[in-house]
Every structure is written in structure tokens, then in C-alpha cells.
Amino acid sequence: MMTDMLEQLKYQLAEFSPPSSQVNLPQASVLIAITKSADLPELILIQRAHHLSSHSGEVAFPGGKREPQDKNLWQTALRESHEEVRIIPESVEYLGQLRSIVSRFGISVTPFVGLIPPKTHLIPCPDELECCFRVPLAFFLKKQNLGWDRLNYGGHDFVLPSYQYQDFKIWGLTAIVLADLLNTVFETNIDLNLPHYKRFSFNH
């Protein structure tokens, strides 16, 4: 079963071609790192430090804004993942890219998916993170674990997917990226085209 999940990830992402982004916005990327484990593939998430001025305490994927020295957004995702949780770039097996998403702050975020060794030793950067943790990929495939949150931003209401895993709430752009991964690879048909969703738009 779990081996099939990894094979499906590889196959579907190899076949998937995300639309090119024509949006002239600041760029960032994130790494959806999944452990290459036949019995229990896990997804790596971080919790940002509570003292940070933005996104404090939020759960996210490793990643960040593109820097001038980055040759491309894949390199951005690898660099940020190494800085934040010490994932060795050379250890990441590239699987593919998902659609870029424009965040509510006007940043174009491109998610990349990669496999890492199951025993990868993660070390969270104390200046930026409270912790890092792993969630079984199978957790997100159970319909009962999907919730919906209402968010008011700029006077507008939005309905967004969310997940509660132990003491961690996974919501916002991170949950949207997760839902897009599940839709793309596992055909979960999570509805991300709600009227409330217009400001959190995919790049087309």
C-alpha cells in the first residue's frame, strides 16, 4: 500500500506539467519533502518561531523567498530547507513541481516535491523555528481528517482547507498546497475553486 503511494507520487508528478506562471510578483518556493519509506512515507513540516514578526507560530513547509544567488526556484527550495532543518540538498530526489500559488501577501509560491532518506536527521534552526515534525502521508488521505476554516482578510471571507495533527494546525497556504498535491497525485477532488477562494489564486 505505502509502496504504491510512493510509486503513484513518482508516476503522477512525472506526468504532470504545471502551467507556466506569467505573474510578475516576488517569488518564493517550498519543498514538500517526503521520506522514502516503503512502509510509512512521512511528510516534513515546520512550525515557525513565535517571536517572528510575520507568520509567527504557523505550520509551513521548509522554504522561502528567492535570493539573487539562486539559479532557479528549485535551488531556492533546497537552500531554504537546508538552512531551516538541515536537509542536505544532494540527498533530495526531485519528483516534480506543482502549480504556483499567489499568496494573500502577493507572493508567487512554487511548491516542489522531493523524496528524502527516511532516517534524515532534521535540525530546526532555533532563530526561525519552534520545531519540525513528520506527518504520515496517509493521514492526509483520510477524508475525516480534512476540515474547513473561515478566514476574514481585508474585509473578505474565505473558506480554506485545514488539518489538525496532534497539537499542530495545518491551514492557510500550506493546507492549500497539500490539497493541490493530493488532488494532483491521488485524485482526492478537494474543492479549491470556491467563490471565497478568489484572492488565493493559482498562477495560470
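Residues numbered from 1 in each chain as written. Predicted model: local features only at pLDDT ≥ 70, side-chain atom pairs only at ≥ 80, totals over all residues. Heavy atoms only, no water.

K.L.:
Mind showing me how you'd approach the environment of Pro111 here?
P.N.:
As for its placement among the helices and strands, Pro111 is situated in strand E7 (residues 108-116). In this structure, the C-alpha to C-alpha distance between Pro111 and Ile32, residues 79 residues apart in sequence, is 6.8 Å. The residues contacting Pro111, other than those within four sequence positions of it, are Val30, Ile32, Gln97, Leu98, Arg99, Ser100 and Val177. (Helix = DSSP H or I, 4+ residues; strand = E, 2+ residues; numbered from the N terminus. Contact = heavy atoms within 4.5 Å.)

K.L.:
For this particular structure, what's the right way to read the side chain of Thr35?
P.N.:
If you trace the backbone, Thr35 turns up in strand E1 (residues 27-35). Here Glu42 takes part through its backbone nitrogen, which lies 2.7 Å from a polar atom of the side chain of Thr35. Beyond its immediate sequence surroundings of up to four residues, Thr35 is in contact with Leu6, Leu40, Pro41, Glu42, Ile44, Ile116, Pro117, Pro118 and Arg134. (Polar contact = N/O pair within 3.5 Å; in protein donor to acceptor, adjacent residues only side chain to side chain.)

K.L.:
Help me understand the environment of Ala175 in this model?
P.N.:
With respect to the helices and strands, the residue Ala175 is situated in helix H3 (residues 172-186). Taking C-alpha positions, Ala175 is 10.0 Å from Gly147, a pair spaced 28 residues apart along the chain.

K.L.:
How do you make sense of the pattern of salt bridges when you look at a structure like this?
P.N.:
As a working rule, side chains carrying opposite charge can pair if their charged atoms are close by. Under the defined criterion, the tally for this structure stands at seven salt bridges. A salt bridge links Glu83 to Arg79, with the shortest nitrogen-to-oxygen separation between them at 3.3 Å. In this pair, Glu83 and Arg79 are both assigned in helix H2 (residues 73-85), four residues apart and thus about one turn of the helix distant. We classify Glu83 as partly exposed; its relative accessible area is 33%. Residue Arg79 is classed as buried on the basis of its relative accessible area, which comes to 15%. Among the charged side chains, a salt-bridge network with shared partners connects Asp70, Arg79, Glu80 and Glu83. (Salt bridge = Lys/Arg side-chain N within 4 Å of Asp/Glu carboxyl O. Buried < 20%, exposed > 50% of the residue type's maximum accessible area, 1.4 Å probe, protein only.)

K.L.:
Sorry if this is basic, but what is going on with the nonpolar core here?
P.N.:
Here is a general trend for soluble globular proteins: nonpolar side chains tend to be buried in one another's company. In this structure, Leu9, Ile32 and Tyr163 are the most contacted members of the largest nonpolar core, which totals 42 residues. Every element with two or more residues in this core is listed here: helix H1 (2-15), E1, strand E2 (42-48), E7, strand E8 (129-136), strand E10 (156-165), strand E11 (168-170) and H3. Ranked by the residues each element gives to this core, the list is headed by H3, at nine residues. The residues contacting Leu9, other than those within four sequence positions of it, are Ile34, Leu95, Leu137, Leu181, Val185 and Phe186. Of all hydrophobic cores here, the second largest spans 17 residues; its members include Ile44, Ile87, Leu122 and Leu129. (Core = buried A, V, L, I, M, F, W, Y, C linked by side-chain atoms within 4.5 Å.)

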